[in-house]
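# Examination of the molecular architecture
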There are 2 protein chains.
Amino acid sequence: MENSGSHQETAVPPVEGVAGGGTAYGWSESGVEDPNLLRVSIDPLKLHSSNLVHAWCMPSSANVGPQDMPRTLEPISLLAARNERESVQIAIRPKVSWAGSSIAGTVQVQCSDLCSTSGDRLVVGESLTVRRVVPVLGVPDALVPLEVPVSQLTLFPGETTAIWVSIDVSNRQPPGQYEGEIILTAIRSDAESTAQSLGKAERHQLYTELRSCLDVVEPIEGKSLDEVVDRVKSVSSSLRNVLLSPSFSNLYLDNGSVDMMDEDATSNLSIRVKLTLTVWDFILPATPSLPAVIGISDTVIEDRFGVEHGSSKWYEALDQHFKWLLQFKISPYFCRWREGMRVLTYTCPWPADHPKSDEYLSDPRLAAYAVPYSPVVSSGDTAKDFLQREVEILRTKDHWRKAYFYLWDEPLNLEHYEGVRHMASEIHAYAPDARIMTTYYCGPNDAPLASNNFEAFLKVPEFLRPHTQIYCTSEWVIGNREDLAKDIIAEIQPEIGEEWWTYVCMGPSDPHPNWHLGMRGTQHRAVMWRVWKEGGTGFLYWGANCYEKATVPSAEIRFRRGLPPGDGVLYYPGQVFSSSQEPVASLRLERLLSGLQDIEYLKLYSSRYGREEGLRLLEKTGMYLGPERYTHEHMPIDVMRGEVFRTCQSETNL
Amino acid sequence: MENSGSHQETAVPPVEGVAGGGTAYGWSESGVEDPNLLRVSIDPLKLHSSNLVHAWCMPSSANVGPQDMPRTLEPISLLAARNERESVQIAIRPKVSWAGSSIAGTVQVQCSDLCSTSGDRLVVGESLTVRRVVPVLGVPDALVPLEVPVSQLTLFPGETTAIWVSIDVSNRQPPGQYEGEIILTAIRSDAESTAQSLGKAERHQLYTELRSCLDVVEPIEGKSLDEVVDRVKSVSSSLRNVLLSPSFSNLYLDNGSVDMMDEDATSNLSIRVKLTLTVWDFILPATPSLPAVIGISDTVIEDRFGVEHGSSKWYEALDQHFKWLLQFKISPYFCRWREGMRVLTYTCPWPADHPKSDEYLSDPRLAAYAVPYSPVVSSGDTAKDFLQREVEILRTKDHWRKAYFYLWDEPLNLEHYEGVRHMASEIHAYAPDARIMTTYYCGPNDAPLASNNFEAFLKVPEFLRPHTQIYCTSEWVIGNREDLAKDIIAEIQPEIGEEWWTYVCMGPSDPHPNWHLGMRGTQHRAVMWRVWKEGGTGFLYWGANCYEKATVPSAEIRFRRGLPPGDGVLYYPGQVFSSSQEPVASLRLERLLSGLQDIEYLKLYSSRYGREEGLRLLEKTGMYLGPERYTHEHMPIDVMRGEVFRTCQSETNL
């Protein structure tokens with residue numbers, strides 16, 4: 001698999017005939033040319049699938065849309081550390097239609113375990129998963145799970161469909177070369193097999209006929225031989241008719257032997273996509289090096305899934321979301337917007353004295369957690385008592401170093417800032433070492449801290465100190481002036497525990513890295529590259545499930561008006577796409593994870609060779625040079641990762 | 001139904017909260033709010049369909065794409081003359097997902113006859129047809145037939161699907177108001193009903209069990225009573241087991257009474273779209289007033305459908321295409337490109353002495369036909385003999401006035417022009433009244449007829465006379481300078497039978513009217529408005545089936561490289577979209593038909609009030625003012641048609 005942009009590279013040649021195009025016929029001879037292809041109806045069980053579909057591989061950073069044009073199929077070769085997820089896509093496009101109606105055809109997708117020469121395995125369903133890439137607003141985004149090891153994919157005429165193959169390598173997986181394959185087989189579509197099965201009305205008729213046979217022979221005791229023989233003859237005749245009926249037509253023609261070919265369509269007619277994975281000895285840290293705290297609206301969950309705040313179903317729903325999100329190496333916090341821009345944020349819905357609290361907050365995958373300022377579920381306590389007790393319990397725990405308080409979203413004027421100070425003072429009274437996080441993109445607008453906006457923004461730490469420890473600023477403020485990051489950092493005092501974090505929300509917009517729908521794949525992944533290069537020590541994103549209000553789990557997803565598409569939405573309710581209740585990740589959430597994993601590679605490299613060399617690696621591979629200068633192709637990412645692997649693997653391994 | 005552009009009108013409001021969007025939650029309350037909606041699983045048989053889908057109507061000139069946003073559902077009101085086709089679209093978008101897997105759900109589409117108060121009918125399946133709008137390259141274009149009166153439509157999450165409803169009013173249809181409805185009902189999807197039906201393996205088991213029952217009782221003659229009773233008991237027991245098996249589970253629970261609800265899902269839960277059609281007494285002429293001659297590549301048919309040139313299957317294939325295309329009021333000609341830009345064009349594949357010739361050429365719907373210059377299928381005749389005999393036979397016929405010869409596609413230099421003259425002389429030797437058509441967009445480039453290109457182009461009639469009667473020029477030459485049409489016309493001598501026709505092919509491009517994919521609906525329809533306004537008396541289009549070469553009927557459609565998408569393609573092979581062999585029209589072909597019908601309205605109006613008033617009607621409705629100034633909305637079209645109806649209907653009717 002070579003590099004790849006988000007758009008097709010098959011160039012349209014210059015117009016060869018201005019004279020109406022008629023002479024152009026036959027320019028391209030790359031069409032379906034197999035002389036064995038039946039000219040009228042196509043039986044996929046008799047043809048090699050490569051006659052029916054194009055299949056080719058694409059990197060995880062590519063946006064493979066319905067109009068994407070075929071490329072050459074090449075084997076997949078991936079590199080992964082332990083405790084890492086790597087993904088790749090396989091695009092499929094029909095060359096012909098072979099299904100009866102409205103669709104082009106059905107392809108069976110079958111995956112094997114990946115095996116190493118020493119007999120170790122990455123097991124399908126555990127390590128290896130397959131999802132279908134579903135467009136949202138016409139842009140490939142939702143990743144809807146497919147069953148493994150075998151599932152079916154519907155193809156439409158003139159449309160490219162992609163599947164997303166992920167491999168999760170556990171931290172105990174032995175390093176080595178693993179090999180497996182993904183097998184694509186054009187099959188008869190469900191519609192046709194439906195035609196071969198018995199419908200309700202037919203079944204009902206069959207039932208009635210058999211029932212009357214039974215009625216005829218049922219009360220048989222005490223009947224005379226003649227009568228019994230008559231009845232048996234009648235039943236025999238009925239049964240014969242039933243067996244000769246259309247319900248069984250194609251069966252009795254086979255003399256009772258059922259053609260089992262349908263069940264086992266994988267054969268020498270399949271397209272086999274070879275997948276090689278190198279697992280190396282590096283183990284990504286259980287706790288991500290860079291906390292990425294991501295907001296989850298509890299209100300959205302309450303409305304859509306119909307769970308009442310504080311009910312047992314509510315706790316269950318939040319628990320499901322929390323656990324599902326942890327696999328993406330992010331640190332979720334639940335969020336409710338209150339009056340003004342006050343926010344009530346909490347990572348654990350249960351109070352600190354509940355057993356669940358330790359389970360949540362000491363989970364090694366959680367890099368940071370939000371402590372609520374007031375009760376999440378009213379308990380009779382005053383807010384003050386609640387806060388005091390929470391803090392007193394939590395500060396005794398080992399995981400307290402991960403705690404932060406997020407109280408106000410983007411204070412804009414003196415009153416807002418006063419609100420932050422007030423709450424922070426209260427918290428610090430109970431725990432002087434508590435970390436308050438404040439998000440902002442400007443100073444108070446009614447009391448300018450400096451003569452221009454950027455200078456005023458720079459003075460916020462001085463203005464807020466000691467009431468904030470984590471100064472979390474919008475990347476939008478920096479624009480393409482990366483050098484401004486140095487000015488921001490200069491205002492932060494790490495010696496007293498202060499940190500600089502950043503966030504993206506509506507801004508920055510294209511071409512800067514962000515997670516809006518329709519941006520390039522590398523642009524999504526570069527959000528984290530940017531954080532690492534600028535030197536922030538944490539990252540915040542305001543919402544991962546903030547679609548428009550709905551009161552039915554399967555209601556269509558509508559992005560909130562006034563926001564760029566995809567902003568505030570990193571995953572979807574599973575019910576929108578199937579009967580599954582498991583959330584559905586977006587490509588963008590996967591790319592957030594990939595970006596976090598890239599940071600671990602860069603960090604490993606820097607730990608060996610220094611941060612300057614790490615920055616040089618970013619630059620010399622062309623992966624990331626600045627908010628407007630990052631790769632559009634996948635290749636530099638693989639080059640960076642390959643270089644870290646080459647230079648950092650321990651010599652004892654592989 | 002109000003006016004409508006090709007894009008969504010639901011405006012996105014200005015951003016209300018710059019502060020991250022969190023406050024925006026609940027802005028729009030237009031979501032699914034029915035408190036009766038089940039919160040977990042949705043049974044479409046228990047809910048009004050309007051809870052599950054949005055449905056709204058759109059005019060035929062709208063391009064309804066997958067991302068189109070819902071509007072209010074209003075009743076449909078149409079006007080049609082006799083011998084006219086009118087179409088309208090119904091867009092459907094799921095509000096929720098109610099199907100088990102990968103799709104949002106299934107909607108049943110049911111149509112009724114349209115009835116007048118006096119008991120006249122427009123019958124479903126004959127007059128009323130329904131097609132599904134299928135995107136090509138992401139743009140709504142192909143119209144794939146749905147079964148009537150009932151069919152099913154699959155909806156996908158977050159995607160708008162449109163159906164195209166057409167009413168063909170015959171020339172014998174009594175004028176009046178007709179009413180009917182199109183009923184949309186959310187139903188359980190096939191996947192679910194499949195789950196309720198018996199698969200092959202289950203059927204096989206059932207077959208085996210019944211077969212063994214039969215074996216037990218079959219040889220019964222001569223057996224003792226005891227043995228017969230034993231056998232009967234064994235059969236009874238087997239039958240009981242069969243009847244209690246899962247194959248019949250939900251049937252015997254109902255005590256044998258089958259729930260027929262599935263078959264008759266239309267109910268008070270359906271969305272009913274009311275359709276009113278006013279048929280007026282005007283009868284569109286059987287023979288279109290403006291000949292629109294459209295090229296069909298016979299080579300494309302030969303390759304894709306695997307029919308050998310001149311074979312009986314070949315004649316059948318051409319016959320099918322010819323008859324199907326006639327319904328669009330166009331005059332097809334088959335076309336083969338030969339050396340240089342010579343073309344062999346012929347409307348009837350059979351020679352003039354074949355009975356099929358008269359059937360084809362005297363068809364009243366055919367406004368013009370191409371006579372081949374040389375044998376289409378070699379017959380042993382010399383080309384010269386063939387031409388002479390064809391002409392001698394045809395010129396005796398009544399339909400000879402419709403004949404033309406199209407010999408060369410866009411001659412570019414003296415040698416080309418000499419070729420035209422040579423062939424034309426030969427034809428005129430046999431028939432001095434034969435019409436030669438020549439397409440061109442410039443004079444000979446090696447012997448300039450004037451000092452600038454446009455002047456040279458204007459001099460072509462003088463240069464070619466008397467070897468051409470139909471001067472067919474590219475609309476591209478005129479650009480937005482409509483006034484140039486007068487200069488062209490000034491060079492034409494109608495008194496000696498000369499005509500001016502026009503054509504579009506690659507050019508002109510947007511914003512001028514043409515039939516490229518992705519242009520506005522009114523832009524497609526305006527191709528014909530332009531012809532009428534400029535005063536041409538005929539129109540040519542080079543190709544309606546000129547997609548890239550393929551040798552399988554169902555091979556995917558690829559547009560030819562170097563041409564704008566859709567150029568040269570007005571319909572598709574049915575096999576690409578379903579098992580049907582009937583060609584599939586594009587929206588653009590329907591809009592070509594609508595444009596031709598608009599010309600009949602304008603012609604009727606002009607015949608009563610003069611051409612100047614006809615032109616004023618175009619202008620005052622805002623329908624068409626020039627190649628860059630035509631309506632983007634549908635409303636002006638309805639206003640124009642309504643005005644013609646109001647002013648031209650005979651007082652005895654309605």
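Residues numbered from 1 in each chain as written. Chains lettered and ligands numbered in written order. Predicted model: local features only at pLDDT ≥ 70, side-chain atom pairs only at ≥ 80, totals over all residues. Heavy atoms only, no water.

The name recorded for chain A in an unreviewed UniProt entry is Glycoside hydrolase 123 catalytic domain-containing protein, from Buddleja alternifolia.

## Here we look at the overall build of chain A
When helices and strands are tallied, chain A shows 17 helices and 25 strands. Looking at the 654 residues of chain A, the share that counts as buried comes to 60%. In chain A, 74% of the contacts between residues at least 6 apart in sequence involve partners at least 24 apart. Accessible surface for chain A amounts to roughly 24,700 Å². Of this, 50% is attributable to carbon and sulfur atoms. (Helix = DSSP H or I, 4+ residues; strand = E, 2+ residues; numbered from the N terminus. Buried < 20%, exposed > 50% of the residue type's maximum accessible area, 1.4 Å probe, protein only. Contact = heavy atoms within 4.5 Å. Areas by Shrake-Rupley, 256 points an atom, 1.4 Å probe, with all protein chains shown as cover.)

## With respect to the pairing of strand β13 (residues 292-297) of chain A
Residue and element names in this part refer to chain A. Summarising burial for β13: six of the six residues are buried, a large majority. Inspection of the sheet shows β13 paired to strand β21 (residues 538-541) by three bridges, in the parallel sense. Each bridged residue has a counterpart across the sheet, and for Ile294 the counterpart in β21 is Tyr541. The pairing of β13 with strand β14 (residues 331-337) spans five bridges and is parallel. Bridging from a neighbouring strand, Gly295 pairs with Tyr333 of β14. (Pairing = 2+ DSSP bridges.)

## Observations regarding the sheet that holds strand β18 (residues 436-440) of chain A
All names here are of chain A. Taken in spatial order, the nine strands of this open sheet run β15-β14-β13-β21-β20-β19-β18-β17-β16, and their pairing is mixed. Looking at strand neighbours, the two that pair on one side only are β15 (343-346) and β16 (369-370), the edges of this open sheet. Here β14 runs beside β15; their pairing, made up of four bridges, is antiparallel. Looking at β15, one finds that Arg336 is bridged to Leu344. On top of the sheet, helix α9 (residues 414-430) reaches β17 (403-409) and β18; it is set at about 155° to β17, its chief contact. (Axes fitted to C-alpha atoms, helices over the stretch in contact; angles between N-to-C directions.)

## Some words on the side chain of Ser236(A)
Relative to the helices and strands, Ser236(A) is located in helix α3 (residues 225-244). A residue is classified by how much of its surface remains accessible, and Ser236(A), at 4% relative accessible area, is buried. If sequence neighbours within four positions are ignored, Ser236(A) has contacts with Leu214(B), Val217(B) and Glu218(B).

## Brief notes about unusual backbone geometry
All names here are of chain A. The omega torsion across Val148 and Pro149 is 0°, close enough to zero to call that bond cis. Take Pro149: it is sitting in the loop between β8 (139-146) and β9 (150-155). The peptide bond linking Asp510 to Pro511 adopts the cis configuration, its omega dihedral lying at 10°. Mapped onto the elements of the fold, Pro511 is located in the loop between β20 (499-504) and α14 (521-534). Despite not being glycine, Leu137 has its phi angle at roughly 50°, a positive value. Residue placement: Leu137 occurs in the loop between β7 (128-136) and β8. Leu137 sits in the partly exposed class, given a relative accessible area of 36%.

## Topic: the UniProt feature "domain: Glycoside hydrolase 123 catalytic" (unreviewed entry) in chain A
The positions that UniProt labels "domain: Glycoside hydrolase 123 catalytic" (unreviewed entry) are, in the present scheme, residues 382-604 of chain A. Here residues 382-604 of chain A runs as 38% helix and 14% strand, with 47 Å between its end C-alpha atoms. (UniProt positions renumbered as here; feature names shortened; annotations may be inferred.)

## Here we look at the nonpolar core
By size, the foremost hydrophobic cluster in this structure holds 123 residues, and its most contacted members are Trp280(B), Phe405(B) and Met528(B). Residue contributions to this core peak at nine residues, all from helix α15 (residues 587-609) of chain B. Here Met528(B) is in contact with Leu290(B), Ala292(B), Trp515(B), Phe539(B), Leu592(B), Gly595(B), Leu596(B) and Ile599(B), once residues within four sequence places are set aside. Core analysis: the next-biggest nonpolar cluster, separate from the first, contains 121 residues, Phe282(A), Ile470(A), Tyr541(A) and Tyr605(A) among them. (Core = buried A, V, L, I, M, F, W, Y, C linked by side-chain atoms within 4.5 Å.)

## Quick notes on helix α8 (residues 383-394) of chain A
Residue and element names in this part refer to chain A. End to end, α8 covers 16 Å across 12 residues, agreeing with the expected 16 Å (1.5 Å per residue, within 8%). Buried within α8 are the following residues: Phe386, Leu387, Glu390, Val391 and Leu394. All buried residues of α8 project into a common sector of 120° when viewed along the axis, lining one side. Taken together, the buried residues of α8 touch α7 (355-361), β16, β17 and α9. (Expected span 1.5 Å × (residues − 1). Arc of directions from axis to C-beta.)

## Quick notes on the packing of α15(B) against helix α17 (residues 635-648) of chain B
Residues and elements named next belong to chain B. Where α15 meets α17, the axes come as close as 10 Å, and the angle between the chain directions of the two elements is 40°. Regarding the angle of α15 to α17, the classification is oblique. Remark: the crossing between α15 and α17 carries left-handed chirality. Between α15 and α17, the residues in contact are Asp598, Tyr601, Leu602, Leu604, Tyr605, Arg608 and Tyr609 and Ile637, Met640, Arg641, Val644, Thr647 and Cys648, respectively. Tallied by class, the residues present in the contact of α15 with α17 amount to nine nonpolar, one polar and three charged. (Parallel < 35°, antiparallel > 145°, perpendicular 65-115°, else oblique. Left-handed = near helix turned anticlockwise from the far one by under 90°. Nonpolar A, V, L, I, M, F, W, Y, C, P; charged D, E, K, R; others polar.)

## Here's the deal with the packing of helix α5 (residues 298-305) of chain B against helix α6 (residues 312-326) of chain B
All names here are of chain B. Axis separation between α5 and α6 bottoms out at 11 Å; the angle between their running directions is 120°. Judged on the interaxial angle alone, α6 and α5 are oblique. The two elements α5 and α6 cross, and the hand of that crossing is right-handed. The residues of α6 that touch α5, namely those facing Asp298, Ile301, Glu302 and Phe305, are Trp314, Ala317, Leu318 and His321. Each residue belonging to the contact of α5 with α6 can be placed in one class, and the counts come to five nonpolar, one polar and two charged.

## Quick look at the pairing of β14(A)
Of all seven residues that make up β14(A), six are buried, and the element is covered over most of its length. Connecting the antiparallel pair β14(A) and β15(A) is a turn made up of five residues, with Gly340(A) showing a positive phi of about 65°.

## Some points on the packing of aromatic side chains
Residue and element names in this part refer to chain A. Taken as a whole and judged by the stated rule, the model has 47 aromatic pairs over all chains. Seen from their ring centres, Trp324 and Tyr571 are 5.3 Å apart, and the 40° between their planes marks the pair as tilted. Remark: Tyr571 occurs in strand β22 (residues 571-572) and Trp324 occurs in helix α6 (residues 312-326); sequence separation between them is 247 residues. The pair Trp324 / Tyr571 is uniform in exposure class, with both members buried. Pairwise contacts between aromatic rings join Trp314, Tyr315, Phe322, Trp350 and Tyr360 into one cluster. The positively charged end of Arg641 is found above the aromatic ring belonging to Tyr601, 4.4 Å away from the centroid. (Phe/Tyr/Trp six-rings, centres within 6.5 Å; stacked < 30°, edge-to-face > 60°. Lys NZ or Arg CZ within 6 Å of the ring centre and 35° of its normal.)

## Observations concerning the confidence of the model for chain A
Residue and element names in this part refer to chain A. Summing up the model confidence of chain A, the mean pLDDT is 88 and the portion of residues at 70 or higher is 88%. Contacts of residues 1-33 to residues separated by more than four positions or lying in other chains number 89 contacts, the stretch itself having pLDDT below 50. Note on residues 191-196: pLDDT under 50 across the span, and eight contacts to partners over four residues away in sequence or across chains. Note on the complex model: pTM 0.83, ipTM 0.79. (pLDDT = per-residue confidence, 0-100.)

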